[in-house]
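Breakdown of the fold
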Amino acid sequence: MKKTIFVVAAILLGAFVIGATDSVQLFGDPGKAPMDDYFIANALQHRSSENVVTSIVFDYRGFDTIGEAAVLFTALCAITAFFREGRKRP
Amino acid sequence: MRPLSIVVRTGCDLFAWFLVIFGSTIIIHGDVTPGGGFQGGAIVATFLSLLLVAYGGKKLLAWANIGIFNGMLVFGLLVFFLLGFMGFPHSFFFNFLAVPHEIAQATGHGVIPPSGTIALMDIAVGLEVAGGLSLIVLSMFKGVRLFREEHFEEESGHDR
Amino acid sequence: MIGNAPFFVVGLLFLAGLVAIFMEKNLIKIAIAISIISSGVNLFLVALGYRAGGTIPIHYLAGEETLMVLPTPQAMTLTAIVIALATTALLLSIIMLVYRHYGTLDVDEIRRLRG
């Protein structure tokens, strides 16, 4: 009895998830993207960098990179603090 | 962790340092080819993982110098923040070293690349990610050793 | 549905990870299922930025063409992958501490034992 309820619920969940991701847009046709057209047209002239993705990560959207460096450093501090050897109390 | 057999150790000897060179190439050429700081830093961090798997834990902890990885991490983060704060009268994170494309093609290149702080930040973030991920691997291995004692000198995988 | 094949695969990956989180009893398998979900989401992000007939968004390798794929989702995915790596490392460290304290990795047992 429980197993049939699980199977039916799994199929319903599957239908919802696949229906949701399938109906966002047609593959290969994102519509209008004015911000990306500005980046592609102006990254070479104003910043003189040939890699548009790197210039987005470090120059046009540098705040996200600072946040990510902060997350990496915080995770490192937490992991080092977990595995410390304690001192023997006298 | 016990060391693996002589075949694995010889294979590790042959190409462990090439991982560092390959990762450094991807970091430095981040301006021209796909890649950049984060991807190259993750590749350099696999150098320590390969040594840990092939040689065992005791030899690695005696050989690895934690001060180098600490220094790489702190140096990378400080250079990154310094380059962010230096453009301050205009705004935070202003690319104050960039040269526009027409002038760069006319007068030739110098020591600092014409894309300015993008290339310098690439190297700083690559150093930081490489040092940070290596420190994570070392700390997690030390945590495994804390609550289990076993023989560290014999090789593993032989039939008894 | 065949033209939208990448989105279909993303839906399957997400579904597999979600069902595994509900059904599994071992903590390490739950951590692996979380990693599968994050892989599916990163694939979704990159597949959303594809223009039919576009080329790589690097001027050095593209040559003379001017129709490029969208570069912003690729930049977002870089950040997302590194953050997922940091949280996976933290999750595995917490699982190690739980094992040292309780002696077992079974989800039902951890709920019942005290101290």
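Source: prediction; values computed, not measured.

Each partner contributes to the interface: chain B provides 29 residues, whereas chain A provides 23 residues. The set of elements that each furnish at least two residues to the side of chain B that touches chain A consists of helix 4 (66-85), helix 5 (101-107) and helix 6 (117-146) of chain B. Broken down by element, the side of chain B that touches chain A gets its largest block of residues, 14 residues, from helix 6 of chain B. Of the residues belonging to the side of chain B that touches chain A, the class tally is 17 nonpolar, 8 polar and 4 charged.

With that out of the way, let us pick up the environment of B:A130. All names here are of chain B. Within the secondary structure, A130 sits in helix 6. Placed 88 residues apart in sequence, A130 and A42 show a C-alpha to C-alpha distance of 5.9 Å. Setting aside its immediate chain neighbours within four residues, A130 contacts G41, V44, A45 and M72.

This part is about the nonpolar core. Formed by 41 residues in total, the largest nonpolar core has its most connected members in A:L72, B:F80, B:M121, B:V125 and B:A130. Elements with a minimum of two residues in this core: helix 2 (34-47), helix 3 (52-60) and helix 4 (62-82) of chain A, helix 1 (6-28), helix 2 (37-55), helix 4 and helix 6 of chain B together with helix 4 (72-102) of chain C. With 12 residues, the top contributor of residues to this core is helix 6 of chain B. What B:F80 contacts, discounting residues up to four positions off in sequence, is A:A69, B:M121, B:A124, B:V125 and B:E128. Residues C:F7, C:F14, C:L15 and C:F44 belong to the second largest nonpolar core, which totals 6 residues.

Tracing the chain through its elements places A:Y38 in helix 2. Placed 19 residues apart in sequence, A:Y38 and A:G19 show a C-alpha to C-alpha distance of 33 Å.

To continue, consider the interface of chain C and chain A. Contacts between the two partners involve 36 residues from chain C and, on the opposite side, 33 residues from chain A. The set of elements that each furnish at least two residues to the side of chain C that touches chain A consists of helix 1 (5-23), helix 3 (59-62) and helix 4 of chain C. Per-class residue counts for the side of chain C that touches chain A are 25 nonpolar, 10 polar and 1 charged.

Turning to the confidence of the model for chain B, a few remarks are in order. Per-chain confidence: chain B averages 83 in pLDDT, with 83% of residues scoring 70 or above. Among the prediction metrics, the complex's ipTM stands at 0.83, with pTM recorded as 0.86.

Conventions used here
Chains are numbered independently. Their residues run from 1 in the order of the written sequence. Chain letters and ligand numbers both follow the written order, the letters beginning at A and the numbers at 1. Where local features are concerned, this predicted model is filtered to residues with pLDDT of at least 70; where side-chain atom pairs are given and counted, the filter is 80 or more; whole-chain, interface and lining totals use all residues. Two residues qualify as being in contact provided that their C-beta atoms, derived from the backbone, are within 7 Å of each other. Counting from the N terminus, the helices are the DSSP runs of H or I reaching at least four residues and the strands are the DSSP runs of E reaching at least two. When residues are grouped by polarity, Ala, Val, Leu, Ile, Met, Phe, Trp, Tyr, Cys and Pro land in nonpolar, Asp, Glu, Lys and Arg in charged, and all others, Gly among them, in polar. Here, a nonpolar core denotes buried Ala, Val, Leu, Ile, Met, Phe, Trp, Tyr and Cys residues that are linked to one another through C-beta atoms within 7 Å. In this scheme the burial state of a residue depends on its C-beta neighbours within 10 Å: 20 or more other such atoms mean buried, 12 or fewer mean exposed, and anything in between means partly exposed; the C-beta positions come from the backbone. The predictor's confidence in any single residue is recorded as pLDDT, a number from 0 to 100.

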